[in-house]
Structure formats: structure tokens, C-alpha cells
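# Geometric and topological summary
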Amino acid sequence: MRGMMRFVGPGSLMVLLAACATTPPPAPAPRPMAQTPAPAPVAQAPAPKPQPPAWTPRKVVADAVEVPAASVTVTAGDSLGRIAARFGVSPGAIAAENGLASPFTIKVGQTLRIPGGRYHRVKPGETGIAIARAYGVKWGDVVTANALEAPFTLAAGQRLRLPGAKEVAAMSLEQRAEAFKVDIDDLVTGSEPAAATPPRPRPQRPAATQSARVTPPAATPPAVTPPAAAASAPPKAVAQAPLPRRQPPSKPLVEPAAFSGRFSWPLEGRVISTFGPKPGGRYNDGINIKATAGAPVRAAADGVVAYAGDGLEGFGGLVLIRHGDGWVTAYAHNEELLVSRGQAVKRGDIVARAGATGSVDEPQLHFEIRRGRNPVNPLTMLPPRTSS
């Protein structure tokens, strides 16, 4: 150690210290932090289309009354509606009983039979189908008994003649089950909720001014017998099965303008089932057109949508369109419905997308043309096509 020591003076010590002082290296620049890539925006699924609220017609209370049969001689100023109101029956029932054809003109001095039986007074919001089910009868039988005509719209206060309690009690189980089945006829004619305000009766011009007298069986109009005192009380209301779904509550449909008489094809495709009887006792009320899934289904004529839903067994997605003058078209087995009840459509508007819903297993469109409750062969109403 001694050979290694050297004396250093004070001045040299300062120089040595200055020389030995180490300058700290510059601090390294901070490394940029790795940027986390922003997550790619997730594709938002389209919001589901709002579905119209379930349509639940007003529950019908089976409170029909029994009205005795009578006869009346028409006087000046009488109308079918006034006579019906006087006896507590329906004008259509009188027309059907006496074989009167539309417009149900009556003449002074004419004797009319007043059909006795069971009569239900329609309340606002009730439908023909619901009324028929409450009494366990077929809506078609009610239509016939009351001579109802297109557009089959009921009104509050209107009276409907129904099959008698004894007649209903004598029905077989098969007949009772048939009364609860709903078909396109029923949807066309009986699914409309009754208007709250009854329409004004059409005035009838008397055929002559001569006087005539009313001759009911008693000196006074027959009294309405309450159900509790009737000889044959109406049966208890039958439990009502659910009616077709997805019908929004709305005002009664506006009747379309007069029909032009012109239909167009609702879908391009080959006709795979024609109108009329089929093997096994079946019957096709329209035609079936082969389709591609999702193909546009178009309105065959201008009109107003009377029904759009999937509540009719076997038909899947179904659209019914009224065209005025009692004409109706039906479009069934659709996978998607693009219109709603009460919507006005023009010929060629897309109302649905073809599919294989209901009782079919391949995409197709079941298409019907009806005049009231009567199906018409669509091939006689559609323009000819170069290819089948």
C-alpha cells in the first residue's frame, strides 16, 4: 500500500475532484406506451320490429232474450228497421223470414212475418265470431239467419237472431266442436269489432200513401221476455277459445272505394295447386303458387288490410285485403307480414314475404279471391300469363 500512496496538494485536490466528478448521464426518454387498439365497433342487431298489441275483443255475455213470433201489416212511413226495432228483432231476420232481397224494399199493406226466437243485442267492441262462440253456434249460421251482407259490420244496439237454446242443446259433440273452428270466411265477415255508434237507418220511401194497420198477435207489441223468465232459458256462456292473434284494437275499418274489377298476380311462380276439389275430399278455395322463401308478395288490387296475423290454423302468416263491393283477397303461408290491420294499400304494394308457414313444408303462396263469403276461381279473375 505504501508504494501506491502519493501526496496531493490542496489545489491539485480541487482539480482532481473536479476531474473525477461524474456527470450523470441524461435520463433516457420515456418509451412510448404501446397503444391498445380500440375495439372494432360491434355491429348492432337491428331493433325488432314493434308488434301490434294482441287483439282481445270484448268478452260477450250470453244475455239473449226470447221474442215470440208475430205478424205485422206495413203502414205508410214504415221501414224494415223501424218494424224490427218495434218488435225487438233484427231487420235481416225479418228479411230472411219473408224472402226479401236486397235492398229489402217493403210496401204499404204488405204483411210481414216477425220471426220469433233468441236475439242478442250487440254491444260496442263485440265481434260476430265472439258472439257466435258465446252461444256455441257457427258464425255462418248467424250470418244466414240475419241475411247479413258485405261488409258485415255490426253496430252497437243491433240485434242478431241466434239458433234457439233447444236447438243448441240438441247439437252433437262434433257440431259443437265445428262451431269453434275459425276459417277465412269468419275472418272476412265476423272479426270486425262493432261500432260504438250505430249507423243511421236508410230512409225508405213508402210505396203509397194509403193507410194500413199493424196487426201483431196482441194489441200491444210483444214484450221482451227476460232470460230468467223464458220457458227455455239460454244455456250458460260457452268458454271462448282465443281468437286470431296480433290484431291491434282499432276503429271499424273504412270500407274501400268501389272496386275497379282488376286483379293482378300477387307473386311470380308456377301454380302448383288449382282451385276446386282435391283427392281425399279436400277442396282448394284458391290457388297455390310456388315461391322462393322471402319473395315479395304483392297486393292484387287497391284496398284496405282487414287482417294480418298468424292465428288461423293451417294458414300461417295470413293477410286479408278488402277491395270494395264485397271483394276480398287472401295471402297465406307467409314468413313475414309487412302490413297491419286498417292500412290502405295499392295494387302492387308488397304486403308480405313468402314462406312455408302453416300446413305446408315448402315455400308457396296460397291465394284466394272472394266475393263476400263465396270463393271465386282466381284463374278466371287474373290476367293470363305466358308461362304457367
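In every chain, residue numbers begin from 1 and rise along the written sequence. Only residues with pLDDT of 70 or above have their local features reported here, since the model is predicted, and side-chain atom pairs are shown and tallied only from 80 upward, although totals for entire chains, interfaces and linings are computed over all residues. No hydrogens and no water enter the side-chain calculation; it runs on all heavy atoms of the structure.

### Remarks on the confidence of the model for the protein chain
Definition in use: Each residue gets a pLDDT score, which is the predictor's confidence in that residue and runs from 0 to 100. Only runs of H or I of at least four residues qualify as helices and only runs of E of at least two qualify as strands under DSSP, and these elements are numbered from the N terminus. Whether two residues are in contact is decided by their heavy atoms, any of which lying within 4.5 Å being enough.
In the predicted model, the protein chain carries a mean pLDDT of 76, and the fraction of residues at 70 or more is 68%. Ranking the elements of the protein chain by mean pLDDT puts helix α1 (residues 10-20) last with 42 and strand β10 (residues 296-298) first with 98. Note on residues 50-56: pLDDT under 50 across the span, and 17 contacts to partners over four residues away in sequence or across chains. Under a pLDDT of 50 for its full length, residues 201-250 has, in the predicted model, 109 contacts with residues more than four places off or in other chains.

### Considering the side chain of N288
As a reminder of what qualifies: The classification of residues rests on relative accessible area computed with a 1.4 Å probe and restricted to protein chains. Under 20% of the type maximum is buried, over 50% is exposed, and intermediate values are partly exposed. Polar contacts, as used here, are pairs of N or O atoms within 3.5 Å; protein pairs need one atom able to donate a hydrogen and one able to accept it. Residues neighboring in sequence count only if both atoms are side-chain atoms.
Locating N288 in the fold gives a position in strand β9 (residues 287-290). Taking relative accessible area as the criterion, N288 reaches 9% and is therefore assigned buried. A polar side-chain atom of N288 sits 2.8 Å from a polar atom in the side chain of Q364. For N288, the contacting residues outside a window of four places in its chain are R270, V271, I272, S273, H333, Q364, L365 and H366.

### A short note on the pattern of salt bridges
Selection criterion: Salt bridge, as applied in this entry: a Lys or Arg side-chain nitrogen positioned within 4 Å of an Asp or Glu carboxyl oxygen.
Applying the stated criterion across every chain yields a total of nine salt bridges. Here D78 makes a salt bridge to R86, at a shortest N to O gap of 2.9 Å. For R86, a relative accessible area of 30% puts it in the partly exposed group. Across the pair E97 and R161 runs a salt bridge, and its minimum N-O distance is 3.9 Å. Remark: R161 occurs in strand β5 (residues 159-162) and E97 occurs in helix α3 (residues 91-98); sequence separation between them is 64 residues. Salt bridges sharing partners connect three or more residues here, namely D63, K123 and E126.

### What to know about helix α2 (residues 80-87)
Every α-helix carries 3.6 residues per turn, so stepping three or four residues along brings you back to the same face. Heads up, the rule is: For this quantity, the arc is that covered by the directions from the helix axis to the C-beta atoms.
The complete set of buried residues in α2 reads L80, I83, A84 and F87. Projected down its long axis, α2 shows its buried positions confined to an angular sector of 100°, all on one face. Projecting away from the buried face of α2 at angles above 90 degrees are the exposed residues R82 and A85. Of the surrounding secondary structure, the elements contacted by the buried residues of α2 are β1 (65-67), β2 (70-73), α3 and β3 (111-114). Within two residues after α2, G88 carries a phi angle of roughly 75°, on the positive side.

### Quick look at the packing of aromatic side chains
Selection criterion: Stacked, tilted and edge-to-face pairs are distinguished by plane angle, under 30 degrees for stacked and over 60 for edge-to-face with tilted covering the rest, among Phe, Tyr and Trp rings (Trp via its six-membered ring) whose centres lie within 6.5 Å.
Enumeration over the complete set of coordinates arrives at three aromatic pairs. Geometrically, the ring pair formed by F263 and W327 is edge-to-face, given 5.9 Å between the ring centres and 70° between the ring planes. Residue F263 is found in the loop between α8 (184-190) and β6 (271-273), and its partner W327 is found in strand β13 (residues 327-337); the two are separated by 64 residues along the sequence. Overall, F263 belongs to the buried group, its relative accessible area being 3%.

### Concerning the sheet that holds β1
Convention followed: Any two strands are treated as partners once DSSP identifies two or more bridges connecting them. To define axes, lines are fitted to C-alpha atoms, for helices over the stretch in contact only, and angles between the resulting N-to-C directions are given on a 0 to 180 degree scale.
As summarised here, the arrangement of the three strands in space is β1-β4-β5, forming an open sheet in which the pairing is antiparallel. Unpaired on one side and paired on the other, β1 and β5 mark the two borders of the sheet. Pairs of neighbouring strands in the sheet enclose a mean axial angle of 40°, with direction left out of account.

### Some words on the pairing of strand β11 (residues 303-309)
With respect to burial, β11 is a largely interior element, seven of its seven residues being buried. Inspection of the sheet shows β11 paired to strand β14 (residues 344-345) by two bridges, in the antiparallel sense. The residue bridging G303 from the neighbouring strand is V345, located in β14.

### Re the packing of α2 against α3
The condition is simple: When describing relative orientation, an angle under 35 degrees is termed roughly parallel and one over 145 degrees roughly antiparallel, while 65 to 115 degrees is termed roughly perpendicular and anything else oblique. Three classes are used: nonpolar for Ala, Val, Leu, Ile, Met, Phe, Trp, Tyr, Cys and Pro, charged for Asp, Glu, Lys and Arg, and polar for all others, with Gly counted as polar.
Interhelical geometry of α2 versus α3 gives an angle of 105° and a closest axis separation of 8 Å. Compared by their axis directions, α2 and α3 come out roughly perpendicular. On the side of α2, the interface is formed by L80, G81, I83 and A84, while α3 contributes P91, I94 and A95. For the contact of α2 with α3, the class distribution of residues is six nonpolar, one polar and no charged.

### Brief notes about the environment of S359
Position of S359 relative to the elements: it lies in the loop between β15 (350-354) and β16 (364-371). Of the residues examined, S359 reaches a relative accessible area of 60% and is grouped as exposed. On a C-alpha basis, the gap between S359 and G314 in space is 4.6 Å, while along the polypeptide they are 45 residues apart.

### Some words on the nonpolar core
The criterion, for reference: Among buried residues, those of type Ala, Val, Leu, Ile, Met, Phe, Trp, Tyr and Cys that are joined through side-chain atoms within 4.5 Å constitute a nonpolar core.
The biggest cluster of nonpolar side chains holds 28 residues, and the ones touching the most others in it are F263, I321, Y331, V351 and F367. Counting only elements with at least two residues in this core, the list comes to β9, β11, β12 (317-324), β13, β15 and β16. V351 has contacts with V297, R298, A299, V319, I321, L337, L338, V339 and V345, leaving out every residue within four places of it along the chain. By size, the runner-up hydrophobic cluster in this structure holds 21 residues, among which are A64, Y135, V137 and L160.

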